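Residues per chain, in single letters:
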Amino acid sequence: MAETKHPYTLQTLSIHSGRPVEPATGAVSLPIYTSTTYVRDADGGFSREYAYIRDGNPNRNSIEDCLMALEGGEQAVAFSSGMAAAFAVFQALAPKDHVILHRDMYFGVREVIRGVFARWGLEHTVVDMRDIRQIREACRPETKLLWLETPSNPLIEIVEIQPAAEIAHEIGAKLACENTFATPVLQNPLALGADLVVHSMTKYLSGHSDAMGGMVVLKSNSEFGQRIKDYQMNGGAVLAPFDCWLILRGIQTLVPRMRLHCENARRIANFLSTHRAVAAVHYPGLANDPGHTIASRQMRDFGGMLAFEILGGRKEALALASRLKLIVRATSLGGTHSLIEHRASIEGEQTRAPESLLRLSVGLEDANDLIQDLDHALSTGL
Ligand SMILES: Cc1ncc(COP(=O)(O)O)c(C=O)c1O
């Protein structure tokens, strides 16, 4: 697949991008700049670039530069959460505009589209974007944005980015791709034709379940990007300096962490797919997964997220999660700890997750220990 446009590999960029040596002291690790305000020049200007924390902050510039390099974009805008980043993208549209969404997506984004933005006049159509025909049929003259997540949450579906981008461009719309599960280590949507990439940096980019943030990276500087930037500054959903610093720290180990997440997930998916208490495994690394062929083309590896359905229903799934000793029953993903979640309980009525489904964020523990934990919990229930 196409690589980012910088001369260095992603591993080198993840360590060096957005990390200038601090000029005043020579510090190699950028300090955390907590100052909310900056001194004006004698003539009233701000020749040192900074004026007020909501408008700009060195730690925020640093993480925006880093993500811009990792995703190969020309503009990056950091937000206080993944949801704030998604909000800004939809707010950059106008009432009566129409968006097309892939049917499997983070339920929080789906809820704000159905709730907040529908009331605001934004029209939407939900389709299975794995089927090009469905995307084409949903297109209208007012369609301004196609939004997809791949791999998706919670069913780990794979959507092919390139044809979706082509359709978007044919009708004068943009393609936004959530890259939270894959991260730029495994997939670069901008190189495949997407116009913007959206991240919840609370997950793999931060990597340690201790910081929250969101990011929008745009392929090129545009008026649309400026509107997103305006929502960051004037809407005030800015990423705090300490969270910028923590997430940037996490990104330094993103490449080796993703390697191990993928390796552990592959071993667990293989184990689960042969267990007699498991009815189905959703993981694009499995050769019989519906997303395998496309994921092999557009991703460098298959990721650390998987979902599996057990024999039985809600009661059996919840009981299984409660028998685990090592894997933690908690929401979220992308950290060093493995986390398991019964998605139907958290997502409510609109969920697409079957009651028998558990989503697993495979952490960085020893895969043998994780398999043993799962094996014990699954076999006890038989
Ligand atoms: C795929 C995906 N996108 C967005 C979000 C929202 O991110 P945040 O919690 O940082 O607002 C989540 C949260 O779980 C997610 O899983």
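Residues numbered from 1 in each chain as written. Predicted model: local features only at pLDDT ≥ 70, side-chain atom pairs only at ≥ 80, totals over all residues. Heavy atoms only, no water.

(A) Geometry of the overall build of the protein chain. Summing up its helical and strand segments, the protein chain has 14 helices and 12 strands in all. Expected size for 382 residues packed as a compact globule is a radius of gyration near 21 Å; at 21 Å, the protein chain falls within 12% of this value. Considered along the principal axes of its C-alpha atoms, the protein chain spans approximately 75 × 50 × 35 Å. With 382 residues in all, the protein chain has 54% of them scored as buried. Considering only contacts within the protein chain whose residues lie at least 6 apart along the sequence, 72% involve residues at least 24 apart. As presented, the protein chain carries roughly 15800 Å² of accessible surface, and 53% of it is formed by carbon and sulfur atoms. Of the side-chain charges in the protein chain, 37 are positive and 43 negative, and the distance between the mean point of each set is 2 Å. (Helix = DSSP H or I, 4+ residues; strand = E, 2+ residues; numbered from the N terminus. Rg over C-alpha atoms; globule rule 2.2 N^0.38 Å. Buried < 20%, exposed > 50% of the residue type's maximum accessible area, 1.4 Å probe, protein only. Contact = heavy atoms within 4.5 Å. Areas by Shrake-Rupley, 256 points an atom, 1.4 Å probe, with all protein chains shown as cover. Lys, Arg positive; Asp, Glu negative; His and termini not counted. Charge placed at Lys NZ, Arg CZ, Asp CG, Glu CD.)

(B) Expanded view of the packing of aromatic side chains. With the rule as written, the count across this model stands at seven aromatic pairs. Each ring, one from phenylalanine 90 and one from phenylalanine 117, has its centre 5.8 Å from the other, and the planes form 50°; the classification is tilted. You can see phenylalanine 90 sitting in helix α3 (residues 82–91) and its partner phenylalanine 117 sitting in helix α4 (residues 107–119), a full 27 residues away along the chain. In this pair, the class of phenylalanine 90 matches that of phenylalanine 117, namely buried. Aromatic rings pair up to connect Phe87, Phe90, Phe117, Trp120 and Trp147 into one cluster. (Phe/Tyr/Trp six-rings, centres within 6.5 Å; stacked < 30°, edge-to-face > 60°.)

(C) Representation of the site of the ligand. Contacts to the ligand come from 13 residues, most closely from Gly82, Glu178, Ser200, Thr202 and Lys203. Glycine 82 places a polar main-chain atom, nitrogen or oxygen, 2.9 Å from an oxygen atom of the ligand. The side chain of threonine 202 places a nitrogen or oxygen atom 2.6 Å from an oxygen atom of the ligand. If the ligand stood free it would expose 390 Å²; the protein chains cover 91% of that surface. (Near = heavy atom within 4 Å. Polar contact = N/O pair within 3.5 Å; in protein donor to acceptor, adjacent residues only side chain to side chain.)

(D) Looking closely at the sheet that holds strand β2 (residues 98–102). Pairing is mixed in the open sheet, where seven strands are placed in the order β1-β7-β6-β5-β4-β2-β3. Whereas interior strands pair on both sides, the edge strands pair on one side only; in this sheet they are β1 (75–79) and β3 (123–127). Recorded for the sheet is a direction-independent mean angle of 20° between the axes of neighbouring strands. Sheet contacts for helix α2 (residues 58–71): β1, β6 (196–200) and β7 (214–218); angle to β1, the most-contacted strand, approximately 130°. Across the face of the sheet, helix α6 (residues 161–170) comes into contact with β4 (143–149) and β5 (174–178) while running at roughly 150° to β5. (Pairing = 2+ DSSP bridges. Axes fitted to C-alpha atoms, helices over the stretch in contact; angles between N-to-C directions.)

(E) Looking closely at helix α9 (residues 241–251). Turning to α9, its buried residues are Pro241, Cys244, Leu246, Ile247, Leu248, Gly250 and Ile251. Against α1 (10–16), α2 and α10 (254–273) lie the buried residues of α9.

(F) Looking closely at the pairing of β5. For β5, the buried fraction is high: four of the five residues fall into the buried class. Direction of pairing for β4 relative to β5: parallel, over a ladder of five bridges. Opposite leucine 145, over in β5, you have lysine 174 as the bridge partner. Handedness of the β-α-β unit built from β4, α6 and β5 comes out right-handed. (Right-handed = clockwise from strand over helix to strand, strands pointing away.)

(G) Representation of the environment of threonine 12. Looking at the element boundaries, threonine 12 is found in helix α1. The partly exposed category is assigned to threonine 12, whose relative accessible area is 31%. Sequence separation between threonine 12 and leucine 70 is 58 residues, and the spatial gap between their C-alpha atoms is 9.9 Å.

(H) Seen up close, the domain arrangement of the protein chain. Parsing the protein chain into structural domains produces domain 1 (10–251) and domain 2 (255–380). Between the C-alpha centres of domain 1 and domain 2 the distance comes to 26 Å. Residue-level contacts link 40 residues of domain 1 with 38 residues of domain 2. Our count for the contact surface shared by domain 1 and domain 2 stands at three salt bridges. Residue aspartate 104 is joined to arginine 352 by a salt bridge in which the shortest nitrogen-to-oxygen separation is 3.2 Å. Inspection of the region where domain 1 meets domain 2 yields 17 residue pairs in polar contact (both at pLDDT 80 or more). Counting only elements with at least two residues in the side of domain 1 that touches domain 2, the list comes to α1, α4, α7 (183–186) and α9. Looking at the side of domain 1 that touches domain 2 residue by residue, the class counts come to 19 nonpolar, 13 polar and eight charged. (Domains from an automatic or database assignment. Salt bridge = Lys/Arg side-chain N within 4 Å of Asp/Glu carboxyl O. Nonpolar A, V, L, I, M, F, W, Y, C, P; charged D, E, K, R; others polar.)

(I) Focus on the sheet that holds strand β11 (residues 339–341). If you trace the five strands from one edge of the open sheet to the other, you get β8-β9-β12-β11-β10, paired in mixed fashion. Each end of this open sheet is capped by a strand with a single partner; those strands are β8 (278–282) and β10 (328–329). Of the pairings in the sheet, the one linking strand β9 (residues 305–310) to strand β12 (residues 357–361) comprises five bridges and is antiparallel in character. In the sheet register, glutamate 309 faces β12, and the bridge partner there is leucine 357.

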